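What follows is each chain in one-letter form.
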Amino acid sequence: MDKISELENQSIYLIREANYHFRNLAMLWSIGKDSTTLLWLCRKAFFGKIPFPVLHIDTSYKFKEIYAFRDEYAAKWGLELLVARNEEALRAGMSHESKLECCNALKTNALKQAIAKYGFDGLLLGIRRDEHGVRAKERYFSPRDEQFKWNYEDQPPELWDQYKSRADEDTHIRIHPLLHWTEKDIWQYVKRENMPFVDLYRAQDGKRYRSIGCECCCAPIDSTAWTVDEIIEELEMTSAGEREGRAQDKEDANTMQKLRALGYM
Amino acid sequence: MTEREHLKFVVVGSVDHGKSTLIGRFLYDTGSLPEAQLAVLRQVSAGTDEQVEFAFVLDHLEEERANHITIDTAQTFFSSDRRDYVIIDAPGHKEFLKNMITGASQASAALLLLDVHEGLQDQTRRHAYMLSLLGVRQLIVVLNKMDLVDFSEEVFTDKAAQMHELLGKVTLDHLAVIPAAALGGDNIVNRSGKMPWYDGPTVIEALDLLKPDVTDESLPLRLPVQDVYEIDGRNLAVGRIAAGKVSKGDTVVVCPKGVEGKVASIETFDGPLDSALAGESVGVMVDGEVELSRGLTLTDPRAALGTTEKLMASVFWMSPDPLKRGERIALRLATQEVPCVVESIANRMDSGSLEIIDEDADQLADTEVAEVTLVSDDGVNSESFSHVPEMGRLVLMRGSDIVGGGIVP
Amino acid sequence: MQNPPKLVVLSIDGVPHGLLMDLMEAGQMPAMAGLCERHGQPRMMRSVLPTISNVAWTCYATGRNPGKHGIYGFIDRRPGTYEMTFPNATNLRGENIWQVLSENGKKVFGMNVPGTYPPRVVNGILIGGFLSPSVAKAAYPSQVSAYLAGIDYHIDSDAQLARRSKQEMLGNLDITLAKRTEAMFHFIQAESWDFFHVHIMGTDRINHFLLGKYLDGDRQFAPAFVDYYRKIDAAVARLLDRIGPETPLIILSDHGFCPINYEVQLSKYLADTGWTKPLDDAGGPLSFDPAGTKAYTLIPGRIYVNLKGREAAGCVQQQEYESVRKQVSEDLRKLRDPEGREVVKAVVKREDLYWPKGAYGPSDEPGPAGKLPPYTLGPDLVAVPHDGYDLKLGLTATQLFVNTQLEGMHTYHDALLLARNVPLDESYLEIRQLAGPMLDCLGVSRPEEMDLANTPAPDGVLPAQTESC
């Protein structure tokens, strides 16, 4: 099986496991490419009708393109969409000068409020391991306590697709079905599936967003990539260096060609 | 373009043995570092030689960059000419054994990193044994820091012989022992100029020689039912095929019930399939007098999957609170969840020394291994790990925590 | 303007001793002629077996035989498989002379020498040779690439152009040479080098594709051929001017050349004689069915026994090894060209070419701990052809003997060596030995593992009368 199919099948398996084990499951959708991929996989896992709510943490700073995309596909795919905002903080005029504070109040606290309100005991997230150094130590199923802290060192072992799958009281478990996907895997999957995604990822006026979130905190990169193929190619050059599969095959092919022309083959 | 293979391996060893240096070398010498980051590092270390440049790389390996180029440290990706690799990190201290187990349970091979001028410890043997028990039977031992012994052939040969002896009792399919010095990049990716007496493989060559996990189509069908969904008024059983192949029209036996049914359709959201192979997550409609539910297994009628009320497994314990004879404990194997009683704990062994502590024990403590017999009313559908791994490995749970793992021999 | 280097080496790939003599005599290479007048005629020097540039230059650079450094050709099989791989410096065992000198505090420079990609870390600059994939990757330290890119440095001339149009090839060779010399003269005065080696590949190229026409006196191409060598001579003149009359200097080639009668599809021959069993959809020389293959070949003339325990799926038992070698040799000696002439001059056994451990024949012992079946062993036999028969592959070829655009092939016995102010004694007759006097010249002691003593040539390999210099 090719790598993408393997990842897809594994993710679907995890999503179905999560759905079986948790009483009150929800999926976090940030409308970015990763969580949209997760959403896509959920649709596959449940044959089109996702049996739990999809939660969008709205910080109200986000690009209007994001809202448009969200509403279009929530309708198209018949999602049970919940939108959570930290109304208080917004009213008090949260500024984005202190990034951490802003994120905390608007995102994290909004999530806390939603969990408290709806009583979710399990959350599906589109976190990937190659995204964030600290995340790298995450497991597929990670317990969080009330303060959303988890003890790095005292993680439950995961063994052979058997996961810690029951939350103790006052905690919830986070499930990361995309943990083993890389950025490039996501884009290749997007390409293979012809998956829709927010146009912000495409280059406009020589710039595009590699990841999207709040308008204020995201910095676009220089790029001319418009199609998914171009995005993938760009990734190959910037991320895994020249030694990755395609580039090395090309090198070997060049060497062979040269040797052949010289009569050394 | 032909598809590239990919292989996951776990690196076992402590930071003092040079693990982060080793991983840094893999990335740096294969050119797998993000180009942008390399460029920045080159600027910073400009004018210095490669050794210093590499040291910078190491230092910055853990840092996050503002423009979202990050390097994963616990799951690292790099490529050789032949394959794409994923390194799963596994810490090297006893208390982190369960972290290693988690990492190793996903790996096809293990790299055991040792300091060539340190003695070989119990820990090494424990790791190798646990790895083998976890089904990781391809081992590459890297005897690192050869620079500290002046790249001596004698020292290496001596140590390598010791390794072979130490690992004599461990079941392995493949073992290579390689002299290296990760700091200078000797024999990791590039062949060392300092060890001309060594003509075996470099670490990356040894990795390239490993066999990836191959799913064997000829194995009998094993499809553990994960859940049952009602789709358009029909009951669709979903699950990931653990082994073998299922085709539309096949007759299957539903274990443990023993009832036969016919596969009416194999479904995915993208459409129906004529057949599906191991690893695929599918939905299945089965005709016949059978009600499907989680925990049942669809099997090939020509190769029965046994139901055992009295199951013996090689169990390794992972909790500070020991397993006791007579204890009630939950067993999970594939999608089955079966309450059991521990009938006996035989040949209790210290996994470090591989010495038997007690032939007939009352309990099993953290990091120990034993042949544990588990009795259940309903029985467990299992088979030998060496035949179909997914149906031969189990975990033991207390509450919602995994406290032990086991292999059905 | 820095002091001239303490030792300069200019290598001109594949220039046969005889050709240089002819050109000097004809007054076409005055700078070289002048050099020889003052410092003695160039000697004939023995190359390596198999006679191919990356093996020869690796022997030169490491002072070791292939049994120690592990490079036996441009292509090899990937360890434990029948997949083709292109060995380069990552597979090189042992240190090269630039590294040895660096460790002794010398400032070193190397440009374009075959077998130096990827460049190792040295106290100075190393720019890889013609198989470097790009300017960006060819140089150590990496900053040098920026300069090279800036002058549009050519790693190599375009080999495919040569197949299409010899005329265009000439233009391309000129540009490549111009860039090479531009870089050479830029770097030579940038530092006070101890060791400075620049390699020119174009001579090998032009010999491959135009030697025949030159020897035939072709009206169009013979003058163009000579013209190229005049340009080489001009570069030598400029170099002599820059380094002055006293600087120790070596000019050498790695092998000689002779015109081609036929290219011989040796893989096909082994298939025809039942040694190699090609697969139905065979592609390259390693596309055979191991169960039906007792021996196979890799270019040029390297013969491998499909030995059980060493090869990925060997079918020849240890006990059969010698008889297989004997029979394959006999079959090779039987080969005749369409005119009935003998093709293979000699078939040399591995133990007569390579040493020491790791290079010898099959062994029943499991070997020291840590060893996998030693894949780095070289070929079991090397077939040395008569002049004119270029041994190739062609597993799925339809004809044994072909002619293509190639007009020249390598020869073993007549590389050239010219030395000024570098003491050489009478015994320096092989390219592998040169590291010795070069190290001596720079006051660095010779590493023990180097193979610097003269070795006798295998039987039947040298022409009947070879001048020993």
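Residues numbered from 1 in each chain as written. Chains lettered and ligands numbered in written order. Predicted model: local features only at pLDDT ≥ 70, side-chain atom pairs only at ≥ 80, totals over all residues. Heavy atoms only, no water.

Colleague: Hey, could you go over the overall build of chain C for me, with residue numbers and the actual values?
Modeller: Summing up its helical and strand segments, chain C has 14 helices and 19 strands in all. Taking all 469 residues of chain C together, 63% fall into the buried category. Counting contacts in chain C only where the partners sit at least 6 residues apart, residues at least 24 apart contribute 71% of the total. In the structure as shown, chain C presents an accessible area of about 16,700 Å², 49% of it carried by carbon and sulfur atoms. (Helix = DSSP H or I, 4+ residues; strand = E, 2+ residues; numbered from the N terminus. Buried < 20%, exposed > 50% of the residue type's maximum accessible area, 1.4 Å probe, protein only. Contact = heavy atoms within 4.5 Å. Areas by Shrake-Rupley, 256 points an atom, 1.4 Å probe, with all protein chains shown as cover.)

Colleague: Go over the nonpolar core, please, and point to the residues and values.
Modeller: Counting 120 residues, the largest nonpolar core has Y60(C), I127(C), F195(C) and L252(C) as the members making the most contacts within it. Every residue in contact with I127(C), bar those within four places of it in the chain, is listed here: F109(C), G110(C), M111(C), N112(C), V113(C), T116(C), A138(C), A139(C), V144(C), L148(C), Y153(C) and F187(C). By size, the runner-up hydrophobic cluster in this structure holds 67 residues, among which are F9(B), L111(B), L139(B) and M163(B). (Core = buried A, V, L, I, M, F, W, Y, C linked by side-chain atoms within 4.5 Å.)

Colleague: Can you break down the sheet that holds strand β13 (residues 302–305) of chain C residue by residue, with the values?
Modeller: Residue and element names in this part refer to chain C. With respect to topology, four strands assemble into an open sheet ordered β12-β13-β15-β14, the strand pairing being antiparallel. On the outer flanks of this sheet lie β12 (295–298) and β14 (344–349), each paired with one strand and no other. Shown here is a sheet whose adjacent strand axes are inclined to one another by a mean of 25°, direction ignored. The pairing of β14 with strand β15 (residues 381–385) spans five bridges and is classified as antiparallel. (Pairing = 2+ DSSP bridges. Axes fitted to C-alpha atoms, helices over the stretch in contact; angles between N-to-C directions.)

Colleague: Account for the packing of aromatic side chains, naming residues and giving values.
Modeller: Two aromatic rings are characterised by how far apart their centres lie and by the angle between their planes. Residue and element names in this part refer to chain C. Here the structure, examined in full by the defined rule, presents 35 aromatic pairs over all chains. For the ring pair Y72 and Y354, a centre distance of 5.0 Å and an interplane angle of 80° mean the geometry is edge-to-face. Taken together, the positions of Y72 in the loop between α4 (66–69) and β3 (76–77) and Y354 in the loop between β14 and β15 put the pair 282 residues apart, joining distant regions of the chain. A relative accessible area of 1% places Y72 in the buried class. The interplanar angle of 65° and the centroid separation of 5.5 Å between the aromatic rings of Y262 and F401 together place this pair among those described as edge-to-face. (Phe/Tyr/Trp six-rings, centres within 6.5 Å; stacked < 30°, edge-to-face > 60°.)

Colleague: I'd like to hear about the sheet that holds strand β16 (residues 389–392) of chain C, residue by residue, with values.
Modeller: Residues and elements named next belong to chain C. Within the open sheet, the three strands sit side by side as β16-β11-β17. Their pairing is mixed. Two strands lie at the open edges of the sheet, namely β16 and β17 (401–402), each paired on one side alone. Relative to β17, strand β11 (residues 262–265) runs antiparallel, the two sharing two bridges. By the bridge assignment, E263 is partnered in β17 with V402.

Colleague: Could you give me a rundown of the confidence of the model for chain A, with the residues and numbers involved?
Modeller: Residues and elements named next belong to chain A. Model confidence for chain A is summarised by a mean pLDDT of 74, while 65% of its residues fall at 70 or above. Averaged over each element, pLDDT in chain A is lowest for strand β5 (residues 141–144) (55) and highest for helix α2 (residues 33–45) (95). Predicted confidence is poor over residues 132–138, with pLDDT under 50, and the contacts of this stretch with residues over four places away or in other chains come to 25 contacts. For residues 239–246, every residue scores under 50 in pLDDT, and the model assigns this stretch 29 contacts once sequence neighbours within four places are set aside. (pLDDT = per-residue confidence, 0-100.)

Colleague: Can you lay out the packing of helix α1 (residues 3–21) of chain A against α2(A) for me, pointing to particular residues and giving the numbers?
Modeller: Geometry of a packed helix pair, given as the angle between the helix axes and the separation of the axes. Residues and elements named next belong to chain A. Viewed as axis vectors pointing N to C, α1 and α2 meet at an angle of 70°, and their least axial separation amounts to 9 Å. The orientation of α1 relative to α2 falls into the category roughly perpendicular. Of α2, the residues touching α1 (which contributes E8, S11, I12, I15 and R16) are L38, L41, C42, K44 and A45. Among the residues making up the contact of α1 with α2, the classes are represented as six nonpolar, one polar and three charged. (Parallel < 35°, antiparallel > 145°, perpendicular 65-115°, else oblique. Nonpolar A, V, L, I, M, F, W, Y, C, P; charged D, E, K, R; others polar.)

Colleague: Can you break down the packing of helix α9 (residues 166–188) of chain C against helix α11 (residues 221–243) of chain C residue by residue, with the values?
Modeller: Residues and elements named next belong to chain C. Close contact between α9 and α11 brings their axes to 11 Å; oriented N to C, the two are set at 5°. Relative to α11, α9 is oriented roughly parallel. For the pair formed by α9 and α11, the contact residues are K166, Q167, L170, L173, D174, L177, T181, M184, F185 and I188 on the first element and F221, A224, Y228, K231, I232, A235, R238, L239, R242 and I243 on the second. For the contact of α9 with α11, the class distribution of residues is 13 nonpolar, two polar and five charged.

Colleague: How would you explain the confidence of the model for chain C if you had to name every residue and give the values?
Modeller: A residue-level look at chain C finds 94% of positions with pLDDT of 70 or above and a mean pLDDT of 90. Under a pLDDT of 50 for its full length, residues 358–376 of chain C has, in the predicted model, 48 contacts with residues more than four places off or in other chains.

Colleague: Outline the side chain of T58(C), supporting the account with residue identities and numerical values.
Modeller: Residue and element names in this part refer to chain C. On the secondary structure map, T58 appears in helix α3 (residues 53–62). Polar contacts involving the side chain of T58 include one to the main-chain carbonyl oxygen of N54, which spans 2.4 Å. Not counting residues up to four positions away in its chain, the partners in contact with T58 are G63, H69, I71, L92 and G115. (Polar contact = N/O pair within 3.5 Å; in protein donor to acceptor, adjacent residues only side chain to side chain.)

Colleague: Run through the environment of H386(C), naming residues and quoting values.
Modeller: All names here are of chain C. With respect to the helices and strands, the residue H386 is situated in the loop between β15 and β16. Classification of H386 by relative accessible area gives partly exposed; the value is 24%. Each C-alpha atom of the pair H386 and R341 lies 9.7 Å from the other, and the pair is 45 residues apart in sequence. With near-sequence residues (within four places) excluded, H386 lies in contact with E342, V343, V344, K345 and M409.

Colleague: Summarise unusual backbone geometry; cite the residues concerned and give the values.
Modeller: The step from C255(B) to P256(B) runs through a cis peptide bond, and the omega angle for that step is 0°. With respect to the helices, strands and loops of the structure, P256(B) is situated in the loop between β11 (251–255) and β12 (259–268). In this model, I299(C) is joined to P300(C) through a cis peptide bond whose omega is -10°. With respect to the element layout, P300(C) can be found in the loop between β12 and β13.

Colleague: With reference to specific residues and values, describe the environment of G212(C).
Modeller: Residues and elements named next belong to chain C. Locating G212 in the fold gives a position in helix α10 (residues 202–215). Here G212 falls in the buried class, since its relative accessible area comes to 13%. Sequence-wise, G212 and E407 are 195 residues apart; in three dimensions their C-alpha atoms are separated by 5.1 Å.

Colleague: Could you give an account of the side chain of E8(A), with specific residues and numbers?
Modeller: Residue and element names in this part refer to chain A. In this structure, E8 sits in helix α1. Within the local environment of E8, its side chain forms a polar contact with the side chain of Y189, the two groups lying 2.6 Å apart. With residues near it in sequence (within four places) discarded, E8 still touches L41, K44, W181, Y189, R192 and E193.

Colleague: Could you give an account of the pattern of salt bridges, naming the residues involved and the relevant values?
Modeller: The final tally for this structure, using the stated rule, is 53 salt bridges over all chains. In this structure, E205(B) engages R191(B) in a salt bridge whose closest nitrogen and oxygen atoms are separated by 3.0 Å. You can see E205(B) sitting in helix α7 (residues 203–209) and its partner R191(B) sitting in the loop between β6 (174–179) and α7, a full 14 residues away along the chain. On the basis of relative accessibility, which here comes to 4%, the residue R191(B) falls in the buried class. Overlapping salt bridges bring together E8(A), K44(A), R192(A), E193(A) and D270(B) as one network. (Salt bridge = Lys/Arg side-chain N within 4 Å of Asp/Glu carboxyl O.)

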